[in-house]
Amino acid sequence: MPAEHEPAKGAQIHVGVIGLGTISALHMEGYRLAEDIARITAVCDTAEAAAAAHAQRLDAKAYSDYEELLADPGVDMVDVLLPHSLHVPVVQAALQAGKHVLVEKPMAPTSAACEELVCMAREAGLTFTVAENTRFVDAYLEVERLINDDAIGSVRSVRTFISGSEVERLRDATLWKGRRDGTVGGAVMDAGAHTFYLFGWLFGGVTEVRAQSAKLVEESEVEDNALVTGRLGNGGLFSAEFSFTAEIPWGERLEVYGSKGSIIVDQLVDPPVMLYKGEYDFDGNPVTSVARDVLWWKGSSIAAGVRDFVAALSAGRPPKIDPEDGVQAMRVVEAAYESIERDGARVTIEPRRA
Ligand SMILES: NC(=O)c1ccc[n+]([C@@H]2O[C@H](COP(=O)([O-])OP(=O)(O)OC[C@H]3O[C@@H](n4cnc5c(N)ncnc54)[C@H](O)[C@@H]3O)[C@@H](O)[C@H]2O)c1
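Residues numbered from 1 in each chain as written. Predicted model: local features only at pLDDT ≥ 70, side-chain atom pairs only at ≥ 80, totals over all residues. Heavy atoms only, no water.

### Things to note about the state of the cysteines
Rule in force here: Cysteine sulfur atoms are paired as a disulfide whenever they fall within 2.5 Å.
By the definition in use, this model includes zero disulfides. Of all cysteine sulfurs, the one in Cys119 lies closest to Cys114, which takes part in no disulfide; the gap is 13 Å.

So, in structure tokens, the structure goes:
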């Protein structure tokens, strides 16, 4: 017998999308890829015209009040694509309404709130996780494979950089991006959720951090640049840098230095993944399984994550993203903010709970 809220195996999943802003097009691409198992039956945005236009295009119902969408019996799961400060109330209401939930990152702006959501979903027997696209980025999947194949030996140190320009959005007082009451935090909250998930997935997590930040966009209320350094669970050191004022196409860079070789990922260069087999490997080895795609490398990973969530619901298996890993990423984000508050002091992080 399926659990109370579990869709029958193989049944089509009926999806309600809440929040029809920037990221929604990529989530909708995920549902298009999953059209054999899922269909968007309802959409919601306080911008009524946007909701009506999407509803007409998708042959779905339009709502401007998310509570009304949650009361719709024709919705099995909801996808929450809202400003950060709305994640907790909307996910809580969705779980109370008996809906499975996928929520964009950060799952919630504090680790305690993340834990409460995970616990609430578990007790209700509902599937819930965070839409952490990092796990579906082709280049990082290749890094996982190379590490597992022992291509670089044991990992000694890691460096990351997430960069792009949010200057215009941060300046705009009508948008939530640069307002503390909408984001709860800036670059560390927004981009750190990705990097610290990556560290948990591939490098044994983070055990301590030291961090500093800068706010260069005068009209904004949140930090737009940050440097977080610290220790990985495997004993090595890391540095993670975030810049929302970099005038360059959005990209991510990952450098992994191991005992036998190193891997450099840079989404803007061709090829984006290079493997170096030691100090005399001056030319390096292009990892040809990952093609350069500056426009779509991220979008395709977001769509793949959405597809995985509905495929998991349809098959009655857990999604690839364990929500506990989203909680742990948020513990590292919090530790970084504590360190920033304490002028770069060392802050330790509790290990991930089983
Ligand atoms: N995975 C990624 O790389 C990635 C990239 C961008 C954004 N995101 C995440 O996606 C989420 C949304 O970001 P975005 O850039 O799409 O934001 P956005 O501002 O473009 O869109 C938010 C939408 O929510 C609507 N909205 C606001 N309050 C509402 C309410 N009470 N009820 C219904 N609708 C409401 C707004 O009208 C807007 O259309 C955030 O959590 C963000 O961190 C993730």
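### Focus: the site of the ligand
In plain terms, the rule: Residues are labelled near a given molecule or strand when at least one of their non-hydrogen atoms is within 4 Å of it. Within 3.5 Å is the distance limit for a polar contact, defined as a pair of N or O atoms, with the added protein rule that one can donate a hydrogen and the other accept it, and that residues adjacent in sequence qualify only through two side-chain atoms. Here the Shrake-Rupley method, with its probe set to 1.4 Å, supplies the accessible areas, and only the displayed protein chains count as covering residues. Gly is placed with the polar residues, together with every amino acid not listed as nonpolar (Ala, Val, Leu, Ile, Met, Phe, Trp, Tyr, Cys and Pro) or charged (Asp, Glu, Lys and Arg). Here the limits of each domain have been adopted from an automatic or database domain assignment.
In the vicinity of the ligand there are 22 residues, among which Thr22, Asp45, His84, Trp176 and Lys298 approach most closely. At 3.1 Å, a side-chain N or O of His87 approaches an oxygen atom of the ligand. Measuring from an oxygen atom of the ligand, one finds a side-chain N or O atom of Lys298 at 2.8 Å. Here the ligand has 860 Å² of accessible area as a free molecule, and 84% of this is covered by the chains. A breakdown of the residues in the shell around the ligand according to their chemical character gives eight nonpolar, eight polar and six charged. Each of domain 1 (13–132 + 302–318) and domain 2 (135–293 + 329–348) gives at least three residues to the shell around the ligand.

### Some words on the sheet that holds strand β5 (residues 100–104)
The line we're drawing: Between any two strands, at least two bridges found by DSSP are needed for them to pair. Where helices and strands are cited, they refer to DSSP runs of H or I of at least four residues and of E of at least two residues respectively, numbered from the N terminus. Here an axis means a line fitted to C-alpha atoms, over the contact stretch when the element is a helix, while the angle between two N-to-C directions is reported on a 0 to 180 degree scale. In what follows, a contact means two residues having at least one pair of non-hydrogen atoms within 4.5 Å.
Sheet architecture is open: six strands sit in the order β3-β2-β1-β4-β5-β6, paired in parallel fashion. Each having just a single partner strand, β3 (61–63) and β6 (128–131) make up the two edges of the open sheet. This sheet shows a mean twist of 25° between the axes of neighbouring strands, independent of strand direction. Of the strand pairs in this sheet, strand β1 (residues 13–18) and strand β2 (residues 38–44) are connected by six bridges, and their pairing is parallel. Paired with Gly16 across the strands is Ala42, a residue of β2. Across the sheet, helix α4 (residues 87–96) is in contact with β1, β4 (77–80), β5 and β6; its angle to β5 comes to roughly 170°.

### Section: the sheet that holds strand β8 (residues 206–214)
Here we have nine strands laid out as an open sheet, ordered β14-β13-β12-β11-β7-β10-β9-β8-β15, and mixed in their pairing. Of all strands in the sheet, those with a lone pairing partner are β14 (285–286) and β15 (347–348), marking the two edges. Bridge count between strand β9 (residues 225–232) and strand β10 (residues 237–243): seven bridges; the pairing is antiparallel. Paired with Ala226 across the two strands is Phe242, which belongs to β10. Against the sheet, helix α11 (residues 323–341) touches β8, β9 and β15, its axis set at about 50° to β8.

### Some thoughts on the nonpolar core
We count it as follows: Take the buried residues of types Ala, Val, Leu, Ile, Met, Phe, Trp, Tyr and Cys, join any two whose side-chain atoms come within 4.5 Å, and each joined set is a nonpolar core. Think of it in three bands: residues with accessible area under 20% of the maximum for their type are buried, residues over 50% are exposed, and the middle band is partly exposed, with areas taken using a 1.4 Å probe on protein chains only.
One finds Phe196, Phe199, Phe203, Phe238 and Ile263 to be the most contacted residues of the largest nonpolar core, which totals 85 residues. Among the elements that take part in this core, helix α9 (residues 187–202) stands out by supplying 11 residues, more than any other. A domain split of this core shows at least three residues from each of domain 1 (13–132 + 302–318) and domain 2 (135–293 + 329–348). Apart from the residues within four sequence positions on either side, Phe238 is in contact with Val158, Phe196, Phe199, Val206, Glu208, Val209, Val228, Thr229, Gly230, Arg231 and Leu232. Within the second largest apolar cluster, 22 residues are counted, among which are Ile13, Ala38, Val306 and Val310.

### Topic: the packing of α9 against α11
Quick reminder of the rule: Working rule for angles: under 35 degrees goes down as roughly parallel, over 145 as roughly antiparallel, 65 to 115 as roughly perpendicular, anything else as oblique. Two helices crossing with the near one rotated counterclockwise from the far one by less than a right angle form a left-handed crossing, whereas a clockwise rotation gives a right-handed crossing.
Following both chains from N to C, one finds α9 and α11 inclined at 125°, their axes separated by 8 Å at the closest point. Of the possible angle classes, the one that applies to α9 and α11 is oblique. The element α9 and its partner α11 pack so that their crossing is right-handed. Taken together, the residues of α11 that come into contact with α9 (itself represented by Val188, Met189, Gly192, Ala193, Phe196 and Tyr197) are Asp325, Ala329, Met330, Val332, Val333, Ala336, Tyr337 and Ile340. Each residue belonging to the contact of α9 with α11 can be placed in one class, and the counts come to 12 nonpolar, one polar and one charged.

### With respect to the side chain of His54
Turning to its location among the elements, His54 is positioned in helix α2 (residues 48–58). Residue classification places His54 among the buried positions, given a relative accessible area of 18%. Look past the residues within four positions of His54 in its chain and what remains in contact with it is Leu20, Met28 and Val43.

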